[in-house]
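Spelled out, the chains give:
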Amino acid sequence: MDVNAAVAAAAAIAGVLTGVIAMLAFRFSEREQKRPTRSSLHTDAVLPPGVDTVLSVLRSSAVVLDEADAVVKASSAAYALGLVRGGKLAVEPMLQMARDTRRDGEIRQVELDLPRRGTGRGEALAVSARVAPLGSRLVLLLVEDLTEARRIEAVRRDFVANVSHELKTPVGALSLLSEAVMDASDDPEAVQRFAGRMQIEATRLTSLVQELIDLSRVQNDDPLEDAEPVRVDELVAEAIDRCRHQAGTKQITMAAGGTADLRVWGNRGQLAAALGNLVENAVNYSPARTRVGIAARSVNAPGGDHIEIAVTDQGIGISDKDKERIFERFYRVDPARSRATGGTGLGLAIVKHVAASHGGEVTVWSAEGQGSTFTLRLPEAGAARGAHQPARETRAGGAGLDEEAGRSTSQSPESNAYETLPAPEVLP
């Protein structure tokens, strides 16, 4: 009986011990779960309330550092700029700024040039970094990318400098010529000669001012606000008529061919100015007794049908090094020839802006001594097109256009698609 009682007592004691051990283990587990780990120290939970929401809506790249310089929070833009790598701030000047701010609590700001990640061209990112204390332990770093703003500012400075230079030339010439006219008042022949030069410089100045106005308009206005279906045949006829006098003086034949009754969608005035600039350049940079061809066609594209208008000349051509820059404002392949032709260096820049604002593009093929082909590619209006037939050709002096002029339109890779089109008909 005593033995049984002892066994029962031992079993009861063992059960109580097991229960106590289980309860202690449960309490210990709960305490371990609530204890902050090393990884949890660098989560959003350590940020002051509302900071995470504010950082998510900032346009600047944001990085929050703790007292050990570890990254607590970083925006996706900060990773994209290469500011954060491996959980650490990778830019030493910014890291030093953060340490100084943590030490004295002062807000600091500096502009830096950072190497661009993933490129071997040596380009730099211009950034503005601002560091401020965030509570007692954290430091907030805000970084703004200034690269685009600096580029725009540089473009504006260059534009103002170029405009000043371009305006200075004709204005200075007019001033000198007016003095010459006054000094030669008793020589009618000299007065007439100087007055003729003054007219040339005044025309150049007027053209420059007008093209500056046109360039400003195409950059600031939205052409699709007044968009309408525009007949390509009418644009081509207007461009030819605009250059008829210059072409006749140089005995240059202008030929229009391709598919008739095509329509593009856009602002008629801007489209006419763009195509007119291309045709005018082709005439100005072509030798006497050559041909300028204009051909249009419809091209199927994944994003919708487009119209290609190609302007081909037999002029001096463009070198490879100049092709990359010919659409820049005030850039001239041959400055001396531009002065002789009255070029301002803004025509192709206007064409580029008009094409881009209409959802299209302008491309160029050229070879020195063989001529050039500029292709203006624009969205089609979607209207029904007529039968494929050659448009009429306008003759502006010189000999009639033979089959060779039709071949000249397809000399370049840009215009090989025009080979199947009939040669433009020659008007008597």
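Below or above, wherever it landed, is the structure these notes cover. Nothing here was measured: the structure is a model prediction, and the numbers come from that model.

### Observations regarding the overall build of the chain
Part 1 of the argument: Within the chain one finds 13 helices and 14 strands.
Part 2 of the argument: Looking at the chain residue by residue over its 428 residues, the buried ones come to 38%.

### Details of the nonpolar core
Part 1 of the argument: By size, the foremost hydrophobic cluster in this structure holds 45 residues, and its most contacted members are V232, M254, V264, L275, V279, V311 and F374.
Part 2 of the argument: With 8 residues, helix α9 (residues 268-284) is the largest single contributor of residues to this core.
Part 3 of the argument: When near neighbours in sequence (up to four residues on either side) are disregarded, L275 contacts L235, V236, A239, I309 and V311.
Part 4 of the argument: Among the nonpolar cores identified, the runner-up in size contains 23 residues, and V63, L65, L114 and L125 belong to it.

### Focus: helix α12 (residues 347-357)
Part 1 of the argument: All of the buried residues along α12 are G347, L348, A349, I350, V351, V354 and A355.
Part 2 of the argument: In the segment just after α12, G359 is the residue with positive phi, at about 80 degrees.

### Here we look at α9
Part 1 of the argument: The terminal C-alpha atoms of α9, which comprises 17 residues, lie 24 Å apart, in line with the 24 Å expected from a rise of 1.5 Å per residue.
Part 2 of the argument: Burial runs high along α9: 12 of the 17 residues are buried.
Part 3 of the argument: Within the span of α9, buried status applies to Q270, L271, A272, A274, L275, G276, N277, L278, V279, A282, V283 and N284.
Part 4 of the argument: You can read the cap of α9 off the contacts: a side-chain oxygen lies 3.1 Å from the backbone nitrogen of G269, and it is on N267.

### Examining the sheet that holds strand β5 (residues 108-115)
Part 1 of the argument: A sheet is described by the order of its strands in space; here 5 strands give the open sequence β2-β1-β7-β6-β5, paired in antiparallel fashion. The open sheet terminates on both sides in strands that have one partner only, identified here as β2 (71-74) and β5. Across the sheet, the mean angle separating the axes of adjacent strands is 25 degrees when strand polarity is ignored.
Part 2 of the argument: By the bridge criterion, 8 bridges tie strand β6 (residues 124-134) to strand β7 (residues 138-145) in an arrangement that is antiparallel. Paired with A132 across the bridge in β7 is L140.
Part 3 of the argument: Helix α5 (residues 147-183) contacts β5, β6 and β7 of the sheet and is inclined by roughly 130 degrees relative to β6.

### A closer look at unusual backbone geometry
Part 1 of the argument: Within the chain, Q251 stands out as a residue other than glycine whose phi angle is a positive 55 degrees.
Part 2 of the argument: Inspection of the secondary structure assignment puts Q251 in the loop between α8 (244-249) and β9 (253-258).
Part 3 of the argument: For Q251, a relative accessible area of 36% translates into the label partly exposed.
Part 4 of the argument: Notably, D261 is not glycine yet its phi reads approximately 60 degrees, a positive angle.
Part 5 of the argument: Counting through the fold element by element, D261 comes out in the loop between β9 and β10 (263-266).
Part 6 of the argument: Residue class for D261 comes out partly exposed when judged on its relative accessible area of 21%.

### Considering the packing of helix α7 (residues 232-242) against α9
Part 1 of the argument: Running from N to C, α7 and α9 cross one another at 50 degrees; their axes reach a closest spacing of 9 Å. It follows from the interaxial angle that α7 and α9 lie oblique. The way α7 lies across α9 gives a crossing that is right-handed. Contacts between α7 and α9 involve E234, L235, V236, E238, A239 and R242 on the former and, on the latter, R268, L271, A272, A273, L275, G276, N277, V279 and E280.
Part 2 of the argument: Per-class residue counts for the contact of α7 with α9 are 8 nonpolar, 2 polar and 5 charged.

### Section: the pattern of salt bridges
Part 1 of the argument: Under the criterion given, the structure shown has 20 salt bridges.
Part 2 of the argument: E234 is the salt-bridge partner of R231, the closest N and O atoms lying 3.7 Å from each other.

### Structural notes on the sheet that holds β9
Part 1 of the argument: What the 5 strands build is an open sheet, ordered β9-β11-β12-β14-β13; its pairing is mixed. Each edge of the open sheet is held by one strand with a lone partner, namely β9 and β13 (361-367). Each adjacent strand pair in this sheet contributes to an overall mean axis angle of 15 degrees, direction not counted.
Part 2 of the argument: Taken together, the 7 bridges between β13 and strand β14 (residues 371-379) define a ladder with antiparallel strand orientation. The residue of β14 that forms the bridge with W365 is T373.

Scoring rules and cut-offs
- Residues numbered from 1 in each chain as written.
- Predicted model: local features only at pLDDT ≥ 70, side-chain atom pairs only at ≥ 80, totals over all residues.
- Heavy atoms only, no water.
- Helix = DSSP H or I, 4+ residues; strand = E, 2+ residues; numbered from the N terminus.
- Buried < 20%, exposed > 50% of the residue type's maximum accessible area, 1.4 Å probe, protein only.
- Core = buried A, V, L, I, M, F, W, Y, C linked by side-chain atoms within 4.5 Å.
- Contact = heavy atoms within 4.5 Å.
- Expected span 1.5 Å × (residues − 1).
- Polar contact = N/O pair within 3.5 Å; in protein donor to acceptor, adjacent residues only side chain to side chain.
- Pairing = 2+ DSSP bridges.
- Axes fitted to C-alpha atoms, helices over the stretch in contact; angles between N-to-C directions.
- Parallel < 35°, antiparallel > 145°, perpendicular 65-115°, else oblique.
- Left-handed = near helix turned anticlockwise from the far one by under 90°.
- Nonpolar A, V, L, I, M, F, W, Y, C, P; charged D, E, K, R; others polar.
- Salt bridge = Lys/Arg side-chain N within 4 Å of Asp/Glu carboxyl O.

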